[in-house]
Amino acid sequence: MSNDKLETITAKYWQKRWSQNEIGWQRDAVHKFLVKYVDELTDYRSNLRVFVPLCGKSLDMLWLADQGHHVVGVDFVKHPIESFFEENNLTFSKLFKVKLAAACEQIDVYKCEEKQITIFCCDLFALTVEDVGGKFDAIWDRSSLSAVLPQVGDRGKRYTKHMRSFLTDNGGYMVESHRYNVDCGGLPPACIPEELMKEIYGDHFIIKELDVEKFAKDPKRSSFAFEYSLHYHLLKPKTN
């Protein structure tokens, strides 16, 4: 399957999930492991540029901005972006039909009036460093990796190379990934075993495991009723 066709399929999948409010991944609080490991992610630095790929309406963006950082998110579904501002009583200015540096499409960009948060509404792979005004000091990847199906073809290495292009040489990159032992029919979130992590990140990053959270089988859960675990890694760029 070509990357273009796969991206069309996954885009439709996520748009449907948002339109039907099937958003079991959405948290009503700041991610506890972001709070726990933010100093390792930022190397105790302040006033950083932080990238949040496939951000949705995550409260993590608000929290990072409140810590004094400049936050840039990207998502290709408009609904969660506008919901983020509405649900947090934030106002925004909207730049219509902004031309991307490396793509023909024109996109909308949302800029928060009260806090240092900017969100691009576009395909993550179409966005470049030129579009976002330079590289980032940190990336918080809360399951963006799992959402893009990195196990398919060269998609994983394409994704990690793209993430590396956004990060400064002394930056930090914290990623959440899923692991489970059932067949989900190839739908996201993808299972990311340790071998795949090393395969797709090893060329560009030094990988350090930070934490693991395990979830028992629970038929009452609307999604992911089976046993699974979430793994957290801190990645540092290789510079040679």
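Just above, that's the structure.
The following paragraphs examine the structure supplied in this document. Along each chain, residue indices are assigned from 1 in the same order as the chain's sequence is written. Where local features are concerned, this predicted model is filtered to residues with pLDDT of at least 70; where side-chain atom pairs are given and counted, the filter is 80 or more; whole-chain, interface and lining totals use all residues. By convention in this description, side-chain values take in all heavy atoms of the structure and omit both hydrogens and water.

### Some thoughts on the packing of helix 7 (residues 155–166) against helix 8 (residues 194–201)
Consideration 1: Running from N to C, helix 7 and helix 8 point in directions that differ by 55 degrees, and their axes come no closer than 8 Å. The angle between helix 7 and helix 8 falls in the class oblique. Here the hand of the crossing between helix 7 and helix 8 comes out right-handed. For the pair helix 7 and helix 8, the contacting residues are Gly156, Lys157, Tyr159 and Thr160 in the first and Glu199, Ile200 and Tyr201 in the second.
Consideration 2: Only Asp, Glu, Lys and Arg are considered charged, only Ala, Val, Leu, Ile, Met, Phe, Trp, Tyr, Cys and Pro nonpolar, and every remaining residue, Gly among them, polar. Per-class residue counts for the contact of helix 7 with helix 8 are three nonpolar, two polar and two charged. In this analysis an axis means a line fitted to C-alpha atoms, helices contributing only their contacting stretch, and an angle means the value between N-to-C directions, from 0 to 180 degrees. Secondary structure counts use DSSP, requiring at least four H or I residues in a row for a helix and at least two E residues in a row for a strand, with both numbered from the N terminus. Any angle from 65 to 115 degrees is called roughly perpendicular, while one under 35 is roughly parallel, one over 145 is roughly antiparallel, and all others are oblique. Left-handed describes a crossing in which the near helix is turned anticlockwise from the far one by less than a right angle; the clockwise case is right-handed. Contacts are assigned to residue pairs that have any heavy atoms within 4.5 Å of one another.

### Re the side chain of Thr42
Consideration 1: Counting through the fold element by element, Thr42 comes out in helix 2 (residues 32–42).
Consideration 2: Setting aside anything within four residues of it in sequence, one finds Thr42 in contact with Leu48 and His69.

### What about the pairing of strand 3 (residues 92–99)?
Consideration 1: By this definition, two strands are paired if DSSP reports at least two bridges between them. Pairing of strand 3 with strand 4 (residues 106–112), which is carried by six bridges, proceeds in the antiparallel orientation. The residue of strand 4 that forms the bridge with Leu95 is Val109.
Consideration 2: If you look at the hairpin formed by strand 3 and strand 4, you'll find six residues sitting between the two strands.

### Describing the pattern of salt bridges
Consideration 1: The working definition used for a salt bridge is a side-chain nitrogen of Lys or Arg within 4 Å of a carboxyl oxygen of Asp or Glu. Counted according to the given criterion, the structure contains 11 salt bridges.
Consideration 2: Residue Lys32 is joined to Glu213 by a salt bridge in which the shortest nitrogen-to-oxygen separation is 2.9 Å. On the criterion of sequence distance, the pair formed by Lys32 in helix 2 and Glu213 in strand 8 (residues 205–215) is long-range, its members being 181 residues apart.
Consideration 3: Accessibility expressed as a relative area gives 14% for Glu213, which makes it buried.
Consideration 4: Residue Lys157 is joined to Asp203 by a salt bridge in which the shortest nitrogen-to-oxygen separation is 3.7 Å. One end of the pair, Lys157, is in helix 7; the other, Asp203, is in the loop between helix 8 and strand 8, and 46 residues separate them in sequence.
Consideration 5: Lys157 gets classed as partly exposed once you look at its relative accessible area, which sits at 41%.
Consideration 6: What you see here is one network of salt bridges that share partners, running through Glu82, Lys94 and Asp108. Each residue's exposure class comes from its accessible area (1.4 Å probe, protein chains only) as a fraction of the maximum for that residue type: buried when under 20%, exposed when over 50%, partly exposed otherwise.

### Considering the sheet that holds strand 8
Consideration 1: Sheet architecture is open: nine strands sit in the order 3-4-5-2-1-6-7-9-8, paired in mixed fashion. The outermost strands of the open sheet, each flanked by one partner alone, are strand 3 and strand 8. Each strand axis lies, on average, 20 degrees off the axis of its neighbour in the sheet, ignoring direction.
Consideration 2: Contacts from helix 2 reach strand 6 (136–142), strand 7 (167–180), strand 8 and strand 9 (228–237), with the element oriented near 160 degrees to strand 8.

### What about the nonpolar core?
Consideration 1: We call a set of buried Ala, Val, Leu, Ile, Met, Phe, Trp, Tyr and Cys residues a nonpolar core when their side-chain atoms join them within 4.5 Å. Ranked by size, the top nonpolar core spans 36 residues in total, and within it Phe51, Phe120, Leu127, Tyr159, Phe166, Tyr173 and Tyr201 carry the most contacts.
Consideration 2: Every element with two or more residues in this core is listed here: strand 2 (70–75), strand 4, helix 5 (129–132), strand 6, helix 6 (144–147), helix 7, strand 7 and helix 8.
Consideration 3: Among the elements that make up this core, the one with the highest residue count is helix 8 (four residues).
Consideration 4: Of all hydrophobic cores here, the second largest spans 35 residues; its members include Tyr110, Trp140, Met174 and Tyr232.

### Some points on helix 7
Since the α-helix advances by 3.6 residues per turn, residues separated by three or four positions end up pointing in the same direction.
Consideration 1: Helix span is expected to be 1.5 Å times the residue number reduced by one. Its 12 residues give helix 7 an end-to-end C-alpha distance of 17 Å, which sits within 8% of 16 Å, the value for a rise of 1.5 Å per residue.
Consideration 2: Within the sequence span of helix 7, burial applies to Arg155, Gly156, Tyr159, Thr160, His162, Met163, Arg164 and Phe166.

### Some details on the packing of helix 2 against helix 3 (residues 59–66)
Consideration 1: Running from N to C, helix 2 and helix 3 cross one another at 35 degrees; their axes reach a closest spacing of 11 Å. Our pair here, helix 2 against helix 3, has a crossing hand that is right-handed. Contact residues: helix 2 offers Leu34, Val35 and Val38, while helix 3 offers Asp60, Trp63 and Leu64.

### So, the environment of Ala102
Consideration 1: By the element assignment, Ala102 lies in the loop between strand 3 and strand 4.
Consideration 2: Along the sequence, Ala102 and Leu127 sit 25 residues apart, while their C-alpha atoms lie 7.5 Å from each other.

### A word on the side chain of His31
Consideration 1: Counting through the fold element by element, His31 comes out in the loop between helix 1 (3–19) and helix 2.
Consideration 2: A residue is classified by how much of its surface remains accessible, and His31, at 0% relative accessible area, is buried.
Consideration 3: Within the structure, His31 has its side chain in polar contact with the backbone nitrogen of Phe33 (distance 3.1 Å).
Consideration 4: A polar contact of 3.2 Å, which involves the side chain of His31, links it to the side chain of Tyr232.
Consideration 5: Sequence-distant contacts of His31, defined by excluding residues within four places in its chain, comprise Asp60, Trp140, Arg142, Glu176 and Tyr232. N or O atoms within 3.5 Å of each other form a polar contact, as long as, within protein, one can give a hydrogen and the other can take it, and as long as residues adjacent in sequence are counted only when both atoms are side-chain atoms.

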